[in-house]
Amino acid sequence: MAHREGINVFDPETPNTARMYDYFLGGKDNYASDRQAATEVLKAFPEARQLARANRRFLARAVRYCAESGVDQFLDVGTGIPTSPNVPDVAREVHPGARVVGVDNDPVVLAHDRALVETHEGIRILPGDLRRPKAFLTDPELHEVLDASRPIAVLLVAVLHFVTDAEDPAGILAAFDEVMAPGSFLVISAATSTGTDPEALARIEQVYARASSPAVFRPAEGIRTWFDGFDLHEPGLVDVSHWPSPAGVRPSVRVLAGVARKPEAEEGLSLFAHKLSP
Ligand SMILES: C[S@@+](CC[C@H](N)C(=O)[O-])C[C@H]1O[C@@H](n2cnc3c(N)ncnc32)[C@H](O)[C@@H]1O
């Protein structure tokens with residue numbers, strides 16, 4: 001694979017966010033450095049595995065919700081190492097012809113995901129860095145699979161907390177908004193400092209500071225602003241295990257989740273509501 005800006009170089013010695021998450025989920029695509037770092041997180045926050053599983057459940061439920069609302073195209077950024085069920089599996093249970101583009105900046109993720117989807121029509125995995133969204137949003141390969149003139153569900157699940165404030169998350173969201181047709185969905189989960197145990201938060205931040213990306217815990221209000229201009233659907237921005245309905249107790253480290261839809265453009269403005277092509 002040609003090197004692209006923002007794509008990680010394979011490095012088994014440095015703890016890696018994708019492989020640590022794989023370890024929390026009970027996967028096998030991780031190395032000693034990942035397991036050691038993940039074990040430190042587990043010491044600070046013993047429910048990390050349950051939280052990872054709850055995040056994964058949210059992802060599947062949100063995809064089903066978007067699909068049942070009529071959307072059959074998905075852009076999954078920070079797609080992760082394959083874990084059953086994957087986004088295409090869930091989407092295709094509802095729409096057998098659903099089209100999915102996965103984007104990630106990690107070479108291990110790209111290798112595994114490509115091997116899995118290589119033979120599937122309408123599913124593509126692309127290298128891309130969420131911090132440089134325009135690079136992949138204008139990639140002709142993405143537009144071969146997704147039709148930007150129709151609604152798309154954009155999935156930013158457990159990935160925006162690897163983007164620092166200096167890397168401008170609001171600007172990143174604005175770049176997606178520009179290419180999303182009315183009726184598109186925005187699906188987000190992200191770690192929050194609101195209601196999170198400050199001691200555990202500090203220890204987790206320390207672990208990720210020496211990993212492939214730092215972890216950024218944000219106030220709930222900051223995360224809510226990412227949905228500005230969209231209609232946040234019920235139950236709103238809630239603990240990831242509480243979407244769409246409460247399940248289990250609230251953990252001491254919180255990840256918030258929400259699903260929102262881009263409103264239909266007002267009469268007369270629709271021609272300017274989004275860009276149709278790269
Ligand atoms: C915690 S995993 C989440 C995987 C999946 N979205 C889920 O929720 O189950 C985070 C994923 O985001 C990817 N990632 C982290 N920073 C990224 C970036 N700047 N651009 C693209 N992907 C990124 C990692 O490689 C990893 O695969």
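Calculation criteria
- Residues numbered from 1 in each chain as written.
- Predicted model: local features only at pLDDT ≥ 70, side-chain atom pairs only at ≥ 80, totals over all residues.
- Helix = DSSP H or I, 4+ residues; strand = E, 2+ residues; numbered from the N terminus.
- Rg over C-alpha atoms; globule rule 2.2 N^0.38 Å.
- Buried ≥ 20, exposed ≤ 12 C-beta atoms within 10 Å, placed from the backbone.
- Contact = placed C-beta atoms within 7 Å.
- Arc of directions from axis to C-beta.
- Core = buried A, V, L, I, M, F, W, Y, C linked by C-beta atoms within 7 Å.
- Near = placed C-beta within 6 Å.

(A) Spotlight on the overall build of the chain. For the chain, the helix and strand inventory stands at 10 helices and eight strands. Its C-alpha radius of gyration of 18 Å places the chain within 12% of the 19 Å reference for a compact globule of 278 residues. Expressed as lengths along the three principal axes of its C-alpha atoms, the size of the chain is roughly 55 × 40 × 35 Å. Every one of the 278 residues in the chain was classed for burial, and the buried ones make up 46%. Counted over contacts in the chain with a minimum sequence separation of 6, partners at least 24 positions apart contribute 76%.

(B) Spotlight on helix α8 (residues 169-179). Residues of α8 that are buried include every one of Pro-169, Ile-172, Leu-173, Phe-176 and Val-179, and no others. For α8, the angular spread of the buried residues around the axis is 125°, confining them to a single face. Exposed residues pointing more than 90 degrees away from the buried face of α8 are listed as Ala-170 and Gly-171. Contacts from the buried residues of α8 go to α6 (133-137) and β4 (153-157).

(C) Just the environment of Leu-75, in detail. Relative to the assigned elements, Leu-75 resides in strand β1 (residues 73-77). When the 27 C-beta atoms within 10 Å are taken as the criterion, Leu-75 is described as buried. The sequence separation of Leu-75 and Leu-146 amounts to 71 residues, and the corresponding C-alpha distance is 8.2 Å.

(D) Local environment of the nonpolar core. Within the largest apolar cluster, 84 residues are counted, with the highest numbers of intra-cluster contacts made by Phe-74, Val-154, Leu-155 and Val-187. Examining the composition of this core, we find that 10 residues originate from one element, helix α3 (residues 48-68), more than from any other. For Leu-155, the residues in contact, after removing those within four places along its chain, are Leu-59, Phe-74, Leu-75, Asp-76, Val-77, Val-87 and Val-187.

(E) Focus on the site of the ligand. Ala-18, Gly-78, Gly-80, Asp-106 and Leu-130 are the nearest of the 22 residues found near the ligand. Elements represented by at least two residues in the shell around the ligand include exactly α1 (17-24) and α3.

(F) Spotlight on helix α4 (residues 87-94). Residues Val-87, Pro-88, Val-90 and Ala-91 constitute the buried set of α4. Down the axis, α4 shows its buried residues gathered within 165° of arc, on one side only. Contacts from the buried residues of α4 go to α3, β1, β2 (99-104), β3 (123-127) and β4.

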